[in-house]
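Next come the chains, spelled out residue by residue.
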Amino acid sequence: MTATVTTPGARRTRVLSKKAVLPWVFLAPGLLLALVFKFLPMGKGVWLSFFKVRPFLGDKWVGLDNYTRVLTDHRFLDAIGHTLLLGIGQSLGAIVVGFLLALLLEGQARTLKIVRTAVFLPVVTATAVVGELWRLLYYPTSDGLINHALGFLGLGPVQYLDNPNTALWATMVMSIWMLAPYNMVIILAGLAGVDRTLYEAAAMDGVSLWQRLRYITLPAIRPALGIVLTLAAIRGLRVFTEVYVLTGGGPAGSTEVWMTRAYTLGFTRNDIGGASAASVVLLCVTLLLTVTVNYFRKRGDMR
């Protein structure tokens, strides 16, 4: 019989190969699902953006005509303006409100943990459900909760969602209410890493509250704010469900945003090529904005 000798180097290589393969075994189901339900449809959407989609007749190659037509459509240009206004407003509002909530609810008391859980509920509630609740709050008669409260002040009732001048702002308020608790959690994580001795030294030196926030708190939570800004840039352009549930893009297109316009092109007007082109443009803008925000965030961290 011939004895087989296994060298330590071969055994180490075999162990390393198992360690390298094992993570991919666990990742494989998730990657497969992402490939089938996300990346392949995404690639198909990019492909269809160059065609005039004609079911049962065969798709017709049109090149960049879909992009030209979408980007010169006045309703699409109006939707871009509404998207930017709504995205910037809800992002800044959610960051400010989330920061204030984090300052108010910071601490280790058990009651604060319960309050933080209650405040976080809008984040884990389905957006469609939240939208229906706010539709009841915005009910245009004196029976609505907000208009009923205004009645005690001798005001109202206000047509929040039926007035083109107020519908977009009403949607923005609901979005801030939904997004602020999520930002609060991230900022709370950043506040947990602030050195408390800095606050004690500042208090002994008679530093004002604003100066403590400016020179101690804000620099310490800069990484957390960078994450919040990156997520806000992505969410701001992809807003859809809030608008679709509350107003459907109305009245008179005053709340129509990028995603609702693409949805209308694809599922109402059966313009699959135009909807695909609008979605590809949104993807490119989102990637560009995300890269830009990350660049300035890393540049600020290096300083």
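Notes on the structure follow. Not measured: the values here are computed from a predicted model.

As for the overall build of the protein chain
- A count of helical and extended segments in the protein chain gives 13 helices and two strands.
- Scaling as 2.2 N^0.38, a compact globule of 303 residues should have a C-alpha radius of gyration of about 19 Å, whereas the protein chain reaches 26 Å, well beyond that.
- Dimensions of the protein chain, computed from the C-alpha atoms along their principal axes, are close to 100 × 80 × 35 Å.
- Sequence-distant contacts in the protein chain: of pairs separated by 6 or more residues, those separated by 24 or more amount to 65%.
- When the accessible area of the protein chain is evaluated, it comes to approximately 18900 Å², of which 69% is carbon and sulfur surface.
- With 28 positive and 15 negative side-chain charges, the protein chain shows a spacing of 14 Å between the two charge centroids.

Observations regarding the nonpolar core
- Counting residues in hydrophobic clusters, the biggest one holds 19 residues, and the most contacted among them are Ala102, Ile187, Leu191, Val194 and Ile221.
- Contributing elements (two or more residues each) for this core: α3 (74-104), α7 (167-192), α8 (196-204), α9 (209-220) and α10 (222-237).
- At five residues, the largest contribution of residues to this core is made by α7.
- If near-sequence neighbours (up to four positions away) are discounted, valine 194 is found in contact with Tyr199, Ile216, Ala220 and Ile221.

Side note on the packing of α7 against α10
- Two elements in contact, α7 and α10, have axes whose closest approach is 9 Å; the angle formed by their N-to-C orientations is 155 degrees. Relative to α10, α7 is oriented roughly antiparallel. Crossing hand, α7 versus α10: right-handed. Contacts between α7 and α10 pair Leu179, Tyr182, Asn183, Ile186, Ile187 and Gly190 from the former with Ala224, Leu225, Ile227, Val228, Leu231 and Arg235 from the latter.
- Its residues placed into classes, the contact of α7 with α10 shows nine nonpolar, two polar and one charged.

Remarks on the environment of leucine 101
- The topology assignment puts leucine 101 in helix α3.
- A sequence separation of 30 residues divides leucine 101 from leucine 71, and the C-alpha atoms of the two residues are 40 Å apart.
- Apart from the residues lying within four places of it in its own chain, the contact partners of leucine 101 are Val119, Ala180 and Met184.

Observations concerning the side chain of threonine 260
- You can see threonine 260 is positioned in helix α12 (residues 258-267).
- Ignoring sequence-local partners within four residues, the contact set of threonine 260 consists of Phe240, Val243 and Tyr244.

Thoughts on the packing of helix α4 (residues 110-124) against α7
- Taken N-terminus to C-terminus, the directions of α4 and α7 make an angle of 130 degrees; their axes are 7 Å apart at the nearest point. By the angle between their directions, the pair α4 and α7 is classed as oblique. When you trace α4 past α7, the crossing you get is left-handed. Residues Arg116, Val119, Phe120, Pro122 and Val123 of α4 lie in contact with α7, whose contacting residues are Trp177, Met178, Pro181, Tyr182, Met184, Val185 and Leu188.
- In terms of residue class, the contact of α4 with α7 is built from 11 nonpolar, no polar and one charged.

Topic: the pattern of salt bridges
- Applying the stated rule across the entire model yields four salt bridges.
- The partner of arginine 69 in a salt bridge is aspartate 271, with the nearest N and O atoms 2.6 Å apart. Highlighted residues: arginine 69 in helix α2 (residues 65-71) and aspartate 271 in the loop between α12 and α13 (272-302), separated in sequence by 202 residues.
- Residue class for aspartate 271 comes out buried when judged on its relative accessible area of 15%.
- Glutamate 256 is paired through a salt bridge with arginine 75; the nearest N and O atoms lie 3.3 Å apart. Pair noted here: glutamate 256 is in the loop between α11 (241-246) and α12 and arginine 75 is in helix α3, with a separation of 181 residues, a long-range link.
- On the basis of relative accessibility, which here comes to 6%, the residue glutamate 256 falls in the buried class.
- Take arginine 75: its relative accessible area is 37%, and that puts it in the partly exposed class.

Criteria and cut-off values
Per chain, residue numbering runs from 1 following the sequence as it is written. Where totals are concerned, whole chains, interfaces and linings use all residues; where local detail is concerned, this predicted model gives features only for residues with pLDDT of at least 70, and gives and counts side-chain atom pairs only at 80 or more. By convention in this description, side-chain values take in all heavy atoms of the structure and omit both hydrogens and water. Strands are runs of DSSP state E lasting at least 2 residues, helices are runs of H or I lasting at least 4, and numbering of each runs from the N terminus. Both definitions apply: the radius of gyration is a C-alpha atom measure, and the globule rule equals 2.2 Å times residues to the power 0.38. It only takes one pair of heavy atoms within 4.5 Å for two residues to be counted as in contact. Each accessible area value is a Shrake-Rupley result obtained with a 1.4 Å probe; residue values ignore everything except the protein chains displayed when judging cover. Residues scored as charged are limited to Lys and Arg (positive) and Asp and Glu (negative), so that His and the chain ends carry no count. Charge positions are represented by NZ for Lys, CZ for Arg, CG for Asp and CD for Glu. We define a nonpolar core as any set of buried Ala, Val, Leu, Ile, Met, Phe, Trp, Tyr and Cys residues linked to one another through side-chain atoms lying within 4.5 Å. To sort residues, take the accessible area from a 1.4 Å probe on protein chains only and compare it with the maximum for the residue type: under 20% means buried, over 50% means exposed, and anything in between is partly exposed. Each axis is a line fitted through C-alpha atoms, and for a helix only the stretch in contact is used; angles between axes span 0 to 180 degrees, taken between their N-to-C directions. Any angle between 65 and 115 degrees counts as roughly perpendicular, while under 35 counts as roughly parallel, over 145 as roughly antiparallel, and the rest as oblique. A clockwise turn of the near helix away from the far one marks a right-handed crossing, whereas an anticlockwise turn of less than a right angle marks a left-handed crossing. Under the scheme applied here, ten amino acids are nonpolar (Ala, Val, Leu, Ile, Met, Phe, Trp, Tyr, Cys and Pro), four are charged (Asp, Glu, Lys and Arg), and all others, including Gly, are polar. Criterion for a salt bridge: a side-chain nitrogen of Lys or Arg within 4 Å of a carboxyl oxygen of Asp or Glu.

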